[in-house]
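# Observations on the three-dimensional arrangement
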Amino acid sequence: MIYEQLGVPTIVNAKGTATRLSGGIMKPAVVEAMAEASQHCIDMTELQAKASVVIADHTGAEAGLVTSGAAAGLLLGTAAAVTGLDPGRMNRLPDTAGMPNEVVVVRSQRNLYDHALRTVGVRLIEVGLPDRYAGAGVRDAEAWEIADAINERTAAILWVADPAARPVLAEVTAVGKAAGIPVIVDAAAQLPPVSNLRRFIDEGADLVAFSGGKALGGPQASGILAGRQELIMAAALQMLDMDILFDQWQPPADFIDKTRLKGLPQHGIGRPCKAGKEEIVGLLTALELFVAEDPAARRQSWLDRCREIVAATGALGHATLELHDEGEIPTVALTLDEGRAGMSAFQLLLALENGEPSIRPDNAALDRAQLIFNPQCLELNGPEKIGLRLRELLTA
Ligand SMILES: *Cc1c(COP(=O)(O)O)cnc(C)c1O
């Protein structure tokens, strides 16, 4: 096994599709498609043009691009919003002098993935005072505050998708439409439900970025940018290898309309976002499988694995296990009686991580003395390993 050869121990990933835990596990059909793709050469622009058709089909967007991840999609989408189809502007990035270089974002939606936007050379303009989070009030940002922040330097509006995000997307896209400013949606981790592939586009988003390596089940280093044709064209021009003569280059016209370009940019700011042919083919295969799979069956398989964790663990001293059969992804929550167990939930987490095998639960509820076990990325024997180790550590 390759990880044995490399001396890298495999882990029990009970956290979910986190990048630091290597995302998830691909279906055999995805692996086979990638292996096949690796045995032949093709023209990358032609492959991305076909990917665009497949992505458009599943998202309802005009066009799409396979990137190296959702963060890459955010970078490319921002670059597209700043440059449009101007190759001179593309070559000058991240120097945005003389270009629209502000992106408006609701303060409560800020997160460090927006480094991907700032890489392009834009400044984030925060709006709103989310006093609902302080418990001191009930408000978050409102649509008029976004509208107020728009001026001649505005390149885009960023909206980070989450059921709790305010204002809701439809209000934000209405502001964007009225001002002629594109709305970029970070929807990296918003799958499932499968309906979210279309939802943000339906609600008026100009660009949407998804992770390929999260629940979609594609290669860990893959992602989707879907949206308006012209913006996808501008994004593709800043990611693809443009080391070719303008008159020699013959991109498929429905993907890149050469007649709209006065020349070709060189390697753009999105060049480090490159997706290989293997990732593109793997992502497209995973996307087809994800859409085709019965959502109830997908959820049931996760629920089955949660039940296996509960069954494999049995009764514990000073801790209770509870199946959380709600939301898109069912989980198992372990609540520790920290006083009687003589250890904190954090110490239990470290003991699991540092054991053999290393078990990595979700640490999101430590302040409630809980460890959460997510079934999405477990191998078949994962529940058994979790149960065994928990009994070792917690049998009174
Ligand atoms: C995971 C995530 C990203 C980054 O996605 P990658 O595909 O790993 O690049 C960006 N934004 C949010 C909200 C995420 O959860």
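Quick note: structure is the one above.
Residues numbered from 1 in each chain as written. Predicted model: local features only at pLDDT ≥ 70, side-chain atom pairs only at ≥ 80, totals over all residues. Heavy atoms only, no water.

Moving on: the state of the cysteines. With the rule as written, the count across this model stands at zero disulfides. In this model Cys306 remains outside any disulfide bridge; the closest cysteine sulfur is found in Cys377, 12 Å from its own. Looking at Cys306, the relative accessible area reads 0%, which means it is buried. (Disulfide = S-S within 2.5 Å. Buried < 20%, exposed > 50% of the residue type's maximum accessible area, 1.4 Å probe, protein only.)

Next up on the list: the site of the ligand. Surrounding the ligand, one finds Thr19, Gly69, Ala70, Ala71, Tyr113, Asp186, Ala188, Ala189, Ser211 and Lys214. Taken by itself the ligand offers 380 Å² of open surface, and the protein chains cover 81% of this. Taking a 2 Å distance to the grid points as the criterion, the majority of the atoms of the ligand fall inside the largest pocket. Here the shell around the ligand is composed, by residue class, of five nonpolar, three polar and two charged. (Near = heavy atom within 4 Å. Areas by Shrake-Rupley, 256 points an atom, 1.4 Å probe, with all protein chains shown as cover. 1 Å grid on protein atoms, 1.4 Å probe; cavity = no way out; pocket = protein on both sides within 12 Å on 5 of 7 lines; lining within 4 Å. Sits in = over half its atoms within 2 Å of the grid points. Nonpolar A, V, L, I, M, F, W, Y, C, P; charged D, E, K, R; others polar.)

Moving on: the packing of helix H13 (residues 295-313) against helix H16 (residues 382-394). Interaxial distance between H13 and H16 falls to 8 Å at its minimum, and their mutual angle equals 30 degrees. The angle between the axes of H13 and H16 places the two elements in the roughly parallel class. As H13 packs across H16, the resulting crossing turns out to be right-handed. Residues Arg305, Glu308, Ile309, Ala312 and Thr313 of H13 touch H16, and the partners they reach there are Pro383, Glu384, Ile386, Gly387, Leu388, Leu390 and Arg391. Residue composition of the contact of H13 with H16, by class: six nonpolar, two polar and four charged. (Axes fitted to C-alpha atoms, helices over the stretch in contact; angles between N-to-C directions. Helix = DSSP H or I, 4+ residues; strand = E, 2+ residues; numbered from the N terminus. Parallel < 35°, antiparallel > 145°, perpendicular 65-115°, else oblique. Left-handed = near helix turned anticlockwise from the far one by under 90°. Contact = heavy atoms within 4.5 Å.)

With their axes 8 Å apart at the nearest point, helix H2 (residues 28-37) and helix H12 (residues 277-292) run at an angle of 150 degrees to one another. Taken together, H2 and H12 sit at an angle that is classed as roughly antiparallel. Relative to H12, the crossing made by H2 is right-handed. Two secondary-structure elements touch here, H2 through Ala29, Val30, Ala33, Met34 and Ala37 and H12 through Lys277, Glu278, Glu279, Val281, Gly282, Thr285, Ala286 and Leu289.

Take the sheet that holds strand S6 (residues 183-186) next. Spatial strand order, S2-S8-S7-S6-S5-S3-S4: seven strands in an open sheet with mixed pairing. A single partner strand is all that each edge strand has here, and the edge strands are strand S2 (63-67) and strand S4 (123-127). Along the sheet, successive strands turn relative to each other by an average axial angle of 25 degrees, direction set aside. In this structure, S6 lies alongside strand S7 (residues 207-211), joined through three bridges in parallel fashion. Bridge pairing links Ile184 to Leu207 in S7. (Pairing = 2+ DSSP bridges.)

Next up on the list: unusual backbone geometry. Omega for the bond connecting Arg166 with Pro167 falls within 30 degrees of zero, at -5 degrees, which places this linkage in the cis form. Here Pro167 shows up in the loop between strand S5 (154-160) and helix H9 (169-179). The phi dihedral of Ala369 falls on the positive side, at around 60 degrees, and the residue is not glycine. Of note, Ala369 is situated in the loop between strand S11 (359-361) and strand S12 (370-373). Since its relative accessible area comes to 11%, Ala369 is described here as buried.

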